[in-house]
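Residue-level structural notes
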Amino acid sequence: MKLFIDSGDMDEIREAQAMGAIDGVTTNPSLLAKAGRPTKETLLAICEIVDGPISGEVLATDFEGILAEGRELAALHPNIVVKVPLIEEGLKAVKTFTDEGIKTNVTLCFSAPQALLAAKAGATYISPFVGRVDDTGGDGMELIEQIVSIYDNYDFDTQVLTASVRHPTHFIQAALIGSHVATVPFKVIRQLLKHPLTDIGLARFLEDAKKIPAS
Ligand code: G3P
């Protein structure tokens, strides 16, 4: 499974990249607002750090507006993936982007039929928000299972990008189910790395090493 970082923070992205951990980056308007710079500037800076798919989201909600904004984003760098909301005008735009060879990430997916329609429009990635499904009393990982099965049944090329990942269990479940990608906040990437027995074991080795004769 590919691991993307869900962030607009350059320090986090640099650090995750240095760990060799990440294959790409996703952003959204909320993350870019925290970055405190104009969107294009942030996306270009990310492209300098990570050589992989970098999702940048359109803000328009009408067909022509989404097309104009998406084309502008895609022209910034070959690694840019245009993130489009899962609405009717968005799906029409995804179909056009697909015909033009522009990669898309269809976002704000909360149901299997939505994901099926996005795949039919030719989406490169579908982003189901598992954490937000859990927040409303649903089962986010069950949604991933459904979408992976449906895409497998009909050999869709659209990749399932598990998003709104809140903890390591979401990540592991996504990998077990066969999600193609999970996008994960930096805090959770760090949690993936941690194990108390690793820390205890290392401390013991370093303590015992003091007893090794110097020569
Ligand atoms: O990038 C979209 C998604 O990952 C948002 O996550 O935690 O705001 O639901 P969250």
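Here goes a summary of the coordinates provided.

Quick notes on the rules
- Residues numbered from 1 in each chain as written.
- Predicted model: local features only at pLDDT ≥ 70, side-chain atom pairs only at ≥ 80, totals over all residues.
- Heavy atoms only, no water.
- Helix = DSSP H or I, 4+ residues; strand = E, 2+ residues; numbered from the N terminus.
- Buried < 20%, exposed > 50% of the residue type's maximum accessible area, 1.4 Å probe, protein only.
- Contact = heavy atoms within 4.5 Å.
- Pairing = 2+ DSSP bridges.
- Right-handed = clockwise from strand over helix to strand, strands pointing away.
- Core = buried A, V, L, I, M, F, W, Y, C linked by side-chain atoms within 4.5 Å.
- Near = heavy atom within 4 Å.
- Polar contact = N/O pair within 3.5 Å; in protein donor to acceptor, adjacent residues only side chain to side chain.
- Areas by Shrake-Rupley, 256 points an atom, 1.4 Å probe, with all protein chains shown as cover.
- Axes fitted to C-alpha atoms, helices over the stretch in contact; angles between N-to-C directions.
- Left-handed = near helix turned anticlockwise from the far one by under 90°.
- Nonpolar A, V, L, I, M, F, W, Y, C, P; charged D, E, K, R; others polar.
- Phe/Tyr/Trp six-rings, centres within 6.5 Å; stacked < 30°, edge-to-face > 60°.

For the rest of this paragraph, the subject is the overall build of the protein. Scanning the protein from terminus to terminus reveals 11 helices and 8 strands. Along the three orthogonal principal directions, the C-alpha set of the protein runs to about 75 × 35 × 30 Å. Taking all 215 residues of the protein together, 45% fall into the buried category. The long-range fraction of contacts in the protein, counting pairs at least 24 apart against all pairs at least 6 apart in sequence, stands at 56%.

Looking now at the pairing of strand E3 (residues 54-57). Side chains Ile54 and Gly56 of E3 all project onto a buried face; the interleaved residues Ser55 and Glu57 project onto the opposite face, where all are buried too. With 2 bridges connecting them, strand E2 (residues 24-26) and E3 associate as parallel partners. Bridge assignment links Thr26 to a residue of E3, and that residue is Ser55. As paired elements, E3 and strand E4 (residues 80-85) share 4 bridges and run parallel to each other. By the bridge assignment, Ile54 is partnered in E4 with Ile80. Chirality of the crossover, the property in question, places the unit of E3, helix H4 (residues 63-76) and E4 among those that are right-handed.

One finds Ile5, Ile54, Phe97, Ile126, Ile147 and Val184 to be the most contacted residues of the largest nonpolar core, which totals 54 residues. Among the elements that make up this core, the one with the highest residue count is helix H8 (residues 140-153) (6 residues). In this structure, Val184 is in contact with Leu3, Phe4, Ile5, Asp6, Val165, Phe171 and Ile189, ignoring residues within four places of it in sequence.

Every residue lining the ligand is accounted for by Asp6, Asn28, Lys83, Phe129, Arg132, Ala163, Ser164 and Arg166. At a separation of 3.1 Å, an oxygen atom of the ligand approaches a polar side-chain atom of Asn28. A distance of 2.6 Å separates an oxygen atom of the ligand from a polar side-chain atom of Arg132. About the coverage of the ligand: the protein hides 82% of its 310 Å² of free accessible area.

Turning our attention to the packing of helix H6 (residues 112-120) against H8. Each pair of packed helices gets described by two things: the angle between the helix axes and the distance between those axes. As a packed pair, H6 and H8 sit with axes 9 Å apart at the nearest point and diverge in direction by 35°. Regarding H6 and H8, the two cross each other, and that crossing is right-handed. For the pair formed by H6 and H8, the contact residues are Ala112, Ala115, Leu116 and Ala119 on the first element and Leu143, Gln146, Ile147, Ile150 and Tyr151 on the second. Split by residue class, the contact of H6 with H8 holds 8 nonpolar, 1 polar and no charged.

Looking now at the sheet that holds strand E8 (residues 181-184). Strand order in the closed barrel formed by 8 strands is E1-E2-E3-E4-E5-E6-E7-E8, with parallel pairing between adjacent strands. Each neighbouring strand pair of the sheet contributes to a mean axis angle of 30°, computed without reference to strand direction. The sheet contacts of helix H5 (residues 88-100) involve E4 and strand E5 (104-109), and relative to E4 the element is tilted by about 155°.

Mapped onto the secondary structure, Thr124 falls in the loop between H6 and strand E6 (125-128). Once residues within four sequence positions are removed from consideration, Thr124 is found in contact with Lys103, Thr104, Asp157, Thr158 and Gln159.

Glancing now at the packing of aromatic side chains. Tallying each qualifying case throughout the model produces 3 aromatic pairs. A ring pair is formed by Phe4 and Tyr125, whose centres lie 6.0 Å apart and whose planes are at 70°; its orientation type is edge-to-face. Residue Phe4 is found in strand E1 (residues 2-6), and its partner Tyr125 is found in strand E6; the two are separated by 121 residues along the sequence. Here Tyr125 falls in the buried class, since its relative accessible area comes to 7%. With centroids separated by 5.6 Å and ring planes inclined at 70°, the aromatic side chains of Phe110 and Phe129 adopt a geometry described as edge-to-face. Within this pair, whereas Phe110 is found in the loop between E5 and H6, its partner Phe129 is found in the loop between E6 and helix H7 (130-135), the two being separated by 19 residues in sequence.

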